[in-house]
Amino acid sequence: MPIAPPPSLKSAWMKAIKNLADHPPTQDFLFWLGGISFKDEKENTISFTIKNNFIYKTIINKGYDKLIQKKLEELINISVICQWIVLDGEEEKRSKEEDTPKITEEIKSDTSFKNTPNLKIETIASGKTTISKITSINPTLNNKYTFENFIVGDNNRFAYNTAISITNRPGEEQNPCLIYGPVGLGKTHLMQSIGQALYQKNTKYKVVYLTAETFLNEFQEALKTQEQYKFKNKYRYVDVLLIDDIHDLQNKEATQEELFHTFEALYNSGKQMIFTCDKPPKELKNFTERLKSRFERGVVVSISQPSWETRFEIIKQNYKNYQTLVPAYLSDSVLRFIAKNINSNIRVLESALKTLANYNYSMNKEITPELAHTLLEDFIDKKKKKNRKDISLETILEVVSFYYEIEEENITSPSRSSDVIMARKIFIYLARHMTNYSTPQIGIFLERHHTSVLNAEKSIKKEIKNDNILAEQIKELINKVQEKSL
Ligand code: ADP
Ligand code: MG
């Protein structure tokens, strides 16, 4: 069904200014409002320029951006996306010097997407030849996640090349793109880099990033408040849609259905979509076939564990960035030690680096590989030691309950229904396998005799041996518990 174009956002903005003037906190709000100017609009996105970063930060911190968005939505009754473009100091100076602060903008970046990414955008001030740089900020993207900061290795080269090619030809043969792989290996980083590059090429491009969990929550909220119409429009007007961690929609049938329709609307109008997932789409459980097949319609790429050499490159870059904040010193051999000894995921690598750099800085003591070994003992021996004592029964219960959609209270209740019994057995298996809790301790947690815990453990172990699907589910649950316990 075609979607009717929304009413003019500019006129809504004019009305909003008047309306908001009568709305507390008037004085303060009006003061900051002075730093915002309407720039342009396209469908349900309205862009504003903000005089400088300080005003931008204040507006965000005080929540005025949300207030403005809410007001606009109230006035035109559809979901609105606000884009904030921050002008730098040059522009601010210029607008003080002359009384015609309006700028006519000429975006220098190529809008036909035939060239390689051009990350700089310039505007030319009217009347004068002053050129001022604009820092474009897409509120849904993290500035840290760019191609420039992404280290390419054998583990991600294909995914990276695909990503670059999407920025040159969005919405074409590589649409949609699905990036899959284990946690902490750069899926979000790469996905957002594509978004950043497209957005920086043309800030009129509506690039929206969100997690599948946000999609789910917003959809459920819309159902509750009967505002499905608003929700439907929100993501069907974008040019590039990035949805992270779609595995979180397993078992969420109604949300999958909604995503399917969003997908169809965007796909049919040639809009680029990118998804990430912790597994290949085929392996998604409790997922409608038609949505799974849509994910595979364009290109599917994976990111795997990086080699130690790639880890070394990543850690070197991280160290350089860290040094701009804290003047810590770590030798190359210490960085190599980290890269060689920590092979779980990049996030862990980053915290190991921070641990050593912090120690060096605050204790003023040189880090040798031997000291690094002592300080990183927990990281290195993670799976065997730290995880066991850091994983709580509550976390396991929460993960099992979410995964099988069975209330936590049911798992710990005396219920004898078969799915509850199964979930309970799996909980017991994970608790025994991943923690140091004894069967009597787990028995107390479940209000059961320890022999029942023992029997359940024996029985589930047998079942896992004979049932590949169950074994896969257990692996997945172990990963989820580990991720939640980091
Ligand atoms: P995922 O989404 O796969 O769980 P993230 O994208 O959140 O992983 O990556 C985790 C951390 O590791 C982030 O800080 C990210 O910047 C960093 N990282 C991952 N891969 C790379 C890479 N190839 N180059 C530089 N940093 C990386
Ligand atoms: Mg991620």
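By convention here, each chain's residues receive numbers from 1 onward along its written sequence. Here chains are named by letter from A upward and ligands by number from 1 upward, in the order in which they appear as written. Residue-level local features of this predicted model are given only where pLDDT is at least 70; pairs of side-chain atoms are given and counted only at 80 or more, and the full residue set underlies all totals for whole chains, interfaces and linings. Just so you know, side-chain values use all the structure's heavy atoms and leave hydrogens and water out.

> Help me understand the side chain of Asn138 in this model?
In this text, helices come from DSSP runs of H or I with a minimum length of four residues, and strands from runs of E with a minimum of two, each type numbered from the N-terminal end. Checked against the element boundaries, Asn138 lands in the loop between β6 (131-137) and α6 (157-168). Burial classification: accessible surface area is computed with a 1.4 Å probe over protein chains only, and a residue below 20% of its type maximum counts as buried, one above 50% as exposed, and the rest as partly exposed. Asn138 sits in the buried class, given a relative accessible area of 3%. A polar contact of 2.7 Å, which involves the side chain of Asn138, links it to the side chain of Thr140. Of note is the side chain of Asn138, whose polar atom sits 2.9 Å from the backbone oxygen of Val207. We call two residues contacting when some pair of their heavy atoms lies within 4.5 Å. Setting aside residues no more than four positions away along its own chain, Asn138 makes contact with Tyr199 and Val207. Nitrogen and oxygen atoms within 3.5 Å of one another constitute a polar contact, given that in protein one can donate a hydrogen and the other can accept it, and given that sequence-neighbouring residues count only through two side-chain atoms.

> Which parts of the structure should I look at to understand the environment of Leu249?
Here Leu249 is to be found in the loop between β9 (240-244) and α10 (253-268). Judged by relative accessible area, which is 0%, Leu249 ranks as buried.

> It is not clear to me how the pairing of strand β3 (residues 81-87) should be interpreted in this structure. Could you clarify?
The element β3 is extensively covered by neighbouring structure, given that seven of its seven residues are classed as buried. By the alternation rule, side chains of β3 split into Ile81, Gln83, Ile85 and Leu87 and Cys82, Trp84 and Val86, which are all buried. Strand pairing requires that DSSP identify at least two bridges connecting the strands. Relative to β3, strand β2 (residues 45-50) runs parallel, the two sharing six bridges. By the bridge assignment for β3, Ile50 is matched with Val86.

> Would you mind going over the site of ligand 1 with me for this structure?
Near ligand 1 there are 19 residues, and of these Ile151, Gly184, Thr188, His189 and Arg347 occur at the shortest range. At a separation of 3.2 Å, an oxygen atom of ligand 1 approaches a polar side-chain atom of Lys144. Between ligand 1 and Arg347 there is a distance of 2.8 Å, counted from an oxygen atom to a side-chain nitrogen or oxygen. Note on areas: Shrake-Rupley, 1.4 Å probe, and residue coverage restricted to the protein chains presented here. When ligand 1 sits alone it has 560 Å² of accessible area, and the protein chains cover 95% of it. Among the elements of the structure, α7 (187-201), α12 (308-323) and α14 (346-363) are those that each provide at least two residues to the shell around ligand 1. Gly falls in the polar group here, along with every residue not listed as nonpolar (Ala, Val, Leu, Ile, Met, Phe, Trp, Tyr, Cys, Pro) or charged (Asp, Glu, Lys, Arg). In terms of residue class, the shell around ligand 1 is made up of eight nonpolar, seven polar and four charged. Neighbouring residues are identified by heavy atoms, a residue being near a molecule or strand if any of them is within 4 Å of it.

> It is not clear to me how the packing of helix α20 (residues 418-434) against helix α22 (residues 450-466) should be interpreted in this structure. Could you clarify?
Axis angle and axis distance: for two packed helices, these are the angle between their axes and the distance between the axes, and together they describe the pair. Interaxial angles span 0 to 180 degrees and are taken between N-to-C directions of axes, which are lines fitted to C-alpha atoms, for helices over the stretch in contact. Between α20 and α22, the shortest axis-to-axis distance is 9 Å and the interhelical angle comes to 95 degrees. Looking at the two axes, α20 sits roughly perpendicular to α22. Here Met422, Lys425, Ile426, Ile428, Tyr429 and Arg432 of α20 lie close against α22, whose contacting residues are Val453, Ala456, Glu457, Ser459, Ile460, Lys461, Glu463 and Ile464. Angle categories: roughly parallel below 35 degrees, roughly antiparallel above 145, roughly perpendicular from 65 to 115, and oblique for all the rest.

> Where do I start with the confidence of the model for the chain in this structure?
Should pLDDT be low for a region, the predicted coordinates there are not to be read in detail. Averaged over the chain, the pLDDT score is 82; the fraction of residues at 70 or greater is 84%. Note on residues 1-5: pLDDT under 50 across the span, and five contacts to partners over four residues away in sequence or across chains. Note: pLDDT gives the predictor's confidence per residue, expressed from 0 to 100.

> Help me understand the layout of surface pockets, please; the structure alone is not making it clear to me.
If a probe as big as a water molecule is rolled over the atoms, it shows which places are left empty. Here a cavity is any set of points on a 1 Å grid over the protein atoms alone where a 1.4 Å probe fits but cannot get out, and a pocket is any open set with protein on both sides within 12 Å along at least 5 of 7 lines; a residue lines the site when it has an atom within 4 Å of a point. Grid points are joined across faces, edges and corners, and a volume is the space filled by probe spheres set on the points. In this structure, the second largest pocket encloses a volume near 820 Å³. Surrounding the second largest pocket, 28 residues form its lining, Gln69, Glu73, Val80, Glu218 and Lys234 being those nearest its centre. The element best represented in the lining of the second largest pocket is helix α4 (residues 64-76), accounting for six residues. Within the lining of the second largest pocket, the residues separate by chemical class into 13 nonpolar, five polar and 10 charged.

> In this structure, what is going on with helix α23 (residues 468-485)? I would like to understand it.
Structural remark: α-helix, 3.6 residues per turn; residues separated by three or four positions point the same way. The length a helix should cover is 1.5 Å for every residue beyond the first. If you check α23, its first and last C-alpha atoms are 26 Å apart, about what 18 residues at 1.5 Å a residue would give, namely 26 Å. Residues Leu470, Gln473, Ile474, Glu476, Leu477, Ile478, Lys480, Val481, Gln482 and Ser485 constitute the buried set of α23. Regarding α23, its N-cap is Asp467, as a side-chain oxygen of that residue lies 3.0 Å from the backbone nitrogen of Ile469 further along.

> I keep staring at unusual backbone geometry and nothing clicks. Help me out?
Note: most peptide bonds trans; most residues except glycine with negative phi. Residue Pro176 is reached from Asn175 by a cis peptide bond, and omega for that bond is -5 degrees. Within the chain, Asn364 stands out as a residue other than glycine whose phi angle is a positive 55 degrees. Within the secondary structure, Asn364 is located in the loop between α14 and α15 (369-375). With a phi angle near 55 degrees, Glu405 is a residue other than glycine that sits in the positive phi range.

> I keep staring at the packing of α20 against α23 and nothing clicks. Help me out?
Running from N to C, α20 and α23 cross one another at 60 degrees; their axes reach a closest spacing of 11 Å. Our classification of the angle between α20 and α23 gives oblique. In this structure, α20 crosses over α23, and the sense of that crossing is right-handed. Contacts between α20 and α23 involve Met422, Ile426, Tyr429, Leu430, His433 and Met434 from the former and Leu470, Ile474, Leu477, Ile478, Val481 and Gln482 from the latter. Each residue belonging to the contact of α20 with α23 can be placed in one class, and the counts come to 10 nonpolar, two polar and no charged. Helix crossings are classified by the rotation of the near helix relative to the far one: an anticlockwise turn of less than a right angle makes the crossing left-handed, while a clockwise turn makes it right-handed.

> Help me out: how do you make sense of the pairing of strand β11 (residues 299-302) in this one?
Burial along β11 is one-sided: the face carrying Val299 and Val301 is buried and the face carrying Val300 and Ser302 is not. Direction of pairing for strand β7 (residues 177-180) relative to β11: parallel, over a ladder of four bridges. Considered in β11, the bridge of Cys177 is made with Val299.

> Could you clarify how one ought to interpret empty space enclosed by the protein in this entry?
Counting across every chain of the model gives one cavity of 30 Å³ or more. Counted as a void, the largest cavity has a volume near 50 Å³. Forming the walls of the largest cavity are Ile81, Cys82, Gln83, Asn138, Pro139, Thr140, Lys206, Val207 and Val208. Top contributing element to the lining of the largest cavity by residue count: β3, with three residues. Looking at side-chain class alone, the lining of the largest cavity contains five nonpolar, three polar and one charged residues.

> Quick question: what am I supposed to make of the environment of Ile78 here?
Within the secondary structure, Ile78 is located in the loop between α4 and β3. Separated by 153 residues in the primary sequence, Ile78 and Phe231 place their C-alpha atoms 8.3 Å from one another.

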